[in-house]
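# Tertiary structure, described
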Amino acid sequence: GSVQVMPSLRAIPALLALNYGISLQYRAQSVLWMINGTVPLIMMLIWLQLAKGGPIGGYDATTFAQYFLFMFLARQSTPTWVIYLMDRGVKNGELTPYLLQPLHPVWHYASQHWGELLARLPVILVILAIGLTIADAWSWSLLTHLPAFLLGLALAWLINFIVHMTVGLIAFWSDNALGYDTVIYQLYIMLGGVVIPVELFPETMQRVLAWTPFPYVLDFPVRVMIGRADGAEMLAGFGIQLFWIVGIGALFAWGWRRSLRQYSAAGA
């Protein structure tokens, strides 16, 4: 039968429970990934020192603390290692059983990420709460931004996942797919607001970045959360996020069909 792109409602909780259990078994690996994701906390300490002399580009010490603490949350909530999964699936033939199932392999890969996120979320939220308390950066107004932030974060995760899925198609054609994972990671770190808030970039660079997906994966949801993107700017940001999801999603769908033909031709 044909592969089912939209799964039955029963299938997703089952996949999620399975992958949540797997994630709990690999706690050490999760801890290493979390340490790798602490770059925003290190940058926060640096920018807090710089802000002692006064606000920088409209960011005072409290704004910097909020920005980088929620950047930590965004960074920890949106990582993806699907290029590694696809590369392994193609090389080891692990993809073949997925293709024989009614669920599209995308759902298997996505649920592995969701299971991992559920396993690490309690620790992330504790670190966030401690950080907001120590930095005296808590504000009740943050709660009013929470629904829009969660929407922005969900769309951000989708962009990141689809970008990685699309780049992961290289695994069907080349042995060098894993190298591209590092390239994307570095681009997100440098251009996504992890090191410097995008609003503090030179104006020309901001205009160029506005045409790329990078600020919309990390910087945009964070700015929504701390009240630095609202009204028309927030709606425009959501629109651009959807544009990237549809655009890159269409590119992935086209590439997936071609890559599967290559996979079948190779006798997998």
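Going by the structure above, here's the rest.
Below is a summary of the structure that appears in this document. None of these values were measured; they are calculated from a predicted model. Throughout this description, residue numbers start from 1 for each chain and increase along the sequence as written. Where local features are concerned, this predicted model is filtered to residues with pLDDT of at least 70; where side-chain atom pairs are given and counted, the filter is 80 or more; whole-chain, interface and lining totals use all residues. The side-chain numbers reported here are obtained from all heavy atoms of the structure, hydrogens and water having been left aside.

## Digging into the nonpolar core
Across soluble globular proteins, nonpolar side chains have a tendency to be buried as a group. What we call a nonpolar core is a set of buried Ala, Val, Leu, Ile, Met, Phe, Trp, Tyr and Cys residues that are connected through their side-chain atoms within 4.5 Å. Three labels apply to residues, based on accessible area from a 1.4 Å probe with only protein chains included: buried if under 20% of the type maximum, exposed if over 50%, partly exposed otherwise in between. Membership of the largest hydrophobic core comes to 73 residues, with the highest contact counts inside it found for Phe70, Met86, Tyr109 and Phe172. Only DSSP runs of H or I covering at least 4 residues are called helices, and only runs of E covering at least 2 are called strands; the numbering of each starts at the N terminus. It is helix H8 (residues 141-168) that contributes the most residues to this core, 13 residues altogether. Setting aside chain neighbours within four positions, we find Phe172 in contact with Met86, Val90, Leu95, Trp256, Ser259, Leu260, Gln262 and Tyr263. Between two residues, a contact is recorded if the distance between any of their heavy atoms is within 4.5 Å.

## Details of the side chain of Gln241
Turning to its location among the elements, Gln241 is positioned in helix H13 (residues 231-265). Beyond its immediate chain neighbours, meaning those up to four positions away, Gln241 contacts Gly152, Leu155, Ala156, Ile159, Tyr216, Phe220 and Pro221.

## Observations concerning the pattern of salt bridges
Between Lys or Arg on one side and Asp or Glu on the other, a salt bridge is scored when a side-chain nitrogen of the former is within 4 Å of a carboxyl oxygen of the latter. Scanning the model with the defined rule gives seven salt bridges in all. We note a salt bridge from Asp219 to Arg223, for which the minimum N-O separation is 2.8 Å. Placement of both Asp219 and Arg223 in helix H12 (residues 219-225) is noted, with a separation of four residues, approximately one turn of the helix. Where salt bridges share partners, they join Asp219, Arg223 and Glu233 into one cluster.

## Let's talk about the environment of Arg258
The residue Arg258 is located in helix H13 in this model. When its relative accessible area of 39% is taken as the criterion, Arg258 is described as partly exposed. Taking C-alpha positions, Arg258 is 9.5 Å from Phe172, a pair spaced 86 residues apart along the chain.

## Considerations on the packing of helix H3 (residues 39-50) against helix H4 (residues 61-77)
Throughout, an axis means a line fitted to C-alpha atoms (over the contacting stretch in the case of helices), and angles, computed between N-to-C directions, take values from 0 to 180 degrees. Interhelical geometry of H3 versus H4 gives an angle of 170° and a closest axis separation of 8 Å. Between H3 and H4, the crossing angle belongs to the class labelled roughly antiparallel. In this structure, H3 contributes Pro40, Leu41, Met43, Met44, Trp47 and Leu48 to the contact, and H4 contributes Ala61, Phe64, Ala65, Phe68, Leu69, Met71, Phe72 and Arg75. Counted by class, the contact of H3 with H4 contains 13 nonpolar, no polar and one charged residues. Should an angle fall under 35 degrees it is called roughly parallel, over 145 degrees roughly antiparallel, and 65 to 115 degrees roughly perpendicular, with every other angle called oblique. In this classification, the charged set is Asp, Glu, Lys and Arg, the nonpolar set is Ala, Val, Leu, Ile, Met, Phe, Trp, Tyr, Cys and Pro, and all remaining amino acids, among them Gly, are polar.

## Quick look at the environment of Leu155
Note that Leu155 resides in helix H8. Remark: the alpha-carbon pair of Leu155 and Phe238, spanning 83 residues in sequence, is separated by 8.0 Å. Apart from residues no more than four positions distant in its own chain, Leu155 is found in contact with Phe238, Gln241, Leu242 and Ile245.

## Some points on a nonpolar patch on the surface
Each patch groups residues whose relative accessible area exceeds 30% and which form no salt bridge, using 9 Å between like charges and 5 Å between nonpolar side chains of Val, Leu, Ile, Met, Phe, Trp and Tyr. Surface accessibility follows the Shrake-Rupley procedure with a 1.4 Å probe radius. Residue values consider only the protein chains on display as shielding. Taken together, the side chains of Ile42, Ile46 and Leu50 present a nonpolar region at the surface, about 280 Å² in accessible area. Within the secondary structure, Ile46 is located in helix H3. On the accessibility criterion, Ile46 (42% relative accessible area) is partly exposed.

## Some thoughts on the packing of H8 against helix H9 (residues 177-191)
At a closest axis distance of 10 Å, the pairing of H8 and H9 adopts a crossing angle of 150°. Classified by the interaxial angle, the pair formed by H8 and H9 is roughly antiparallel. Like other packed secondary-structure pairs, H8 and H9 cross with a definite hand, here right-handed. Note on element contacts: H9 touches H8 through Tyr180, Asp181, Ile184 and Tyr188, opposite Asn160, Val163, His164 and Val167. For the contact of H8 with H9, the class distribution of residues is five nonpolar, two polar and one charged. Handedness of a helix crossing follows the sense of rotation of the near helix relative to the far helix, less than a right angle counterclockwise being left-handed and clockwise being right-handed.

## Notes on the packing of aromatic side chains
Aromatic pairs are defined between Phe, Tyr and Trp rings, using the six-membered ring for Trp, whenever the two ring centres lie within 6.5 Å; interplanar angles under 30 degrees are classed as stacked, those over 60 as edge-to-face, and all others as tilted. Throughout the structure, instances matching the rule amount to 16 aromatic pairs. Geometrically, the ring pair formed by Tyr98 and Tyr109 is edge-to-face, given 5.8 Å between the ring centres and 75° between the ring planes. Of the two residues, Tyr98 is situated in helix H6 (residues 95-100) and Tyr109 in helix H7 (residues 105-134); the sequence distance between them amounts to eleven residues. When the centroid spacing of 5.5 Å and the interplanar angle of 85° are considered together, the rings of Phe220 and Phe238 count as edge-to-face. With Phe220 in helix H12 and Phe238 in helix H13, this residue pair connects regions lying 18 residues apart in the sequence. It is Arg228 that lies over the ring of Tyr59; its NZ or CZ is 4.3 Å from the centre. Charge over a ring is defined by NZ of Lys or CZ of Arg lying within 6 Å of the ring centre and within 35 degrees of the ring normal.

## Comments concerning H3
In a regular helix each residue adds 1.5 Å, so twelve residues correspond to 16 Å; H3 covers 17 Å between its end C-alpha atoms and thus fits that length. Residues of H3 that are buried sit in contact with H4 and H7. Here a helix's expected span is defined as the number of its residues, less one, multiplied by 1.5 Å.

Read these as spatial facts, not as claims about activity.
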